[in-house]
Amino acid sequence: MTKILIVDDSRTSRKILRGILENAGYEIVAEATNGQEGYDKYAELKPDVVTMDVTMPVLDGIEALKKIMGDYPDAKVIMVTAAGQKTKLVEAVQNGASEFVTKPFDPDQLRAIIEKVIQ
């Protein structure tokens, strides 16, 4: 079973993501509320996939992505963005993001992206 770490400062976003992903048969191994916590949980749990919000306190998603990719170059990180964050997406891809998904979440699109990333 594919293990996923959800990193998002929004409790609502984490809850929606968890529901979609669990319904699709994925295992949520942990949730984190900021980029530093996300990095720490990644290092501890080594999940198959990370969903990483871009805008968060303490350490934003781009900086957390850089830290994870720096230490774990094979990590699969899917960036989660709100509409209108195109410059952040370019930066994320340049720093190793596997894919990106936009809010509000489309369950079918989200499942397709995860399947693509874990192939």
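In this report, we go over the structure that sits alongside the text. (Residues numbered from 1 in each chain as written. Predicted model: local features only at pLDDT ≥ 70, side-chain atom pairs only at ≥ 80, totals over all residues. Heavy atoms only, no water.)

Topic: the nonpolar core
Part 1 of the reasoning: V7, V50, M52, L65, I68, V77 and M79 are the most contacted members of the largest nonpolar core, which has 21 residues in total.
Part 2 of the reasoning: Within the residue set of this core, elements represented by two or more residues are β1 (3-7), β2 (27-32), α2 (35-45), β3 (49-53), α3 (61-71) and β4 (77-81).
Part 3 of the reasoning: Residue contributions to this core peak at five residues, all from α3.
Part 4 of the reasoning: Excluding residues within four positions of it along the chain, M52 makes contact with V7, G61, A64, L65, I68, V77, I78, M79 and V80.
Part 5 of the reasoning: I4, L21, V101 and I114 belong to the second largest nonpolar core, which has 16 residues in total. (Core = buried A, V, L, I, M, F, W, Y, C linked by side-chain atoms within 4.5 Å. Buried < 20%, exposed > 50% of the residue type's maximum accessible area, 1.4 Å probe, protein only. Helix = DSSP H or I, 4+ residues; strand = E, 2+ residues; numbered from the N terminus. Contact = heavy atoms within 4.5 Å.)

Comments concerning the packing of aromatic side chains
Part 1 of the reasoning: Under the definition given, this model contains one aromatic pair.
Part 2 of the reasoning: Ring centres of Y42 and Y72 lie 5.1 Å apart, and the angle between their planes is 55°; on these two criteria the pair is classed as tilted. Highlighted residues: Y42 in helix α2 and Y72 in the loop between α3 and β4, separated in sequence by 30 residues.
Part 3 of the reasoning: Using a relative accessible area of 6% as the deciding quantity, one classes Y42 as buried.
Part 4 of the reasoning: Classification of Y72 as partly exposed rests on a relative accessible area of 21%.
Part 5 of the reasoning: A cation over an aromatic ring shows up here: K67 above the ring of Y39, its NZ or CZ 4.5 Å from the ring centre. (Phe/Tyr/Trp six-rings, centres within 6.5 Å; stacked < 30°, edge-to-face > 60°. Lys NZ or Arg CZ within 6 Å of the ring centre and 35° of its normal.)

What to know about α3
Part 1 of the reasoning: Those residues of α3 that sit buried are G61, I62, A64, L65, I68 and M69. For α3, the buried positions fall inside an angular range of 160° around the axis, keeping them on one side.
Part 2 of the reasoning: Where α3 begins, one side-chain oxygen reaches toward the backbone nitrogen of I62, 3.1 Å away; that side chain belongs to D60. (Arc of directions from axis to C-beta. Polar contact = N/O pair within 3.5 Å; in protein donor to acceptor, adjacent residues only side chain to side chain.)

Examining the environment of I20
Part 1 of the reasoning: As for its placement among the helices and strands, I20 is situated in helix α1 (residues 11-23).
Part 2 of the reasoning: Note on I20: relative accessible area 11%, which makes it buried.
Part 3 of the reasoning: Separated by 90 residues in sequence, I20 and L110 place their C-alpha atoms 8.3 Å apart.
Part 4 of the reasoning: Residues contacting I20, with those up to four places away along its chain left out, are F105, P107, L110 and R111.

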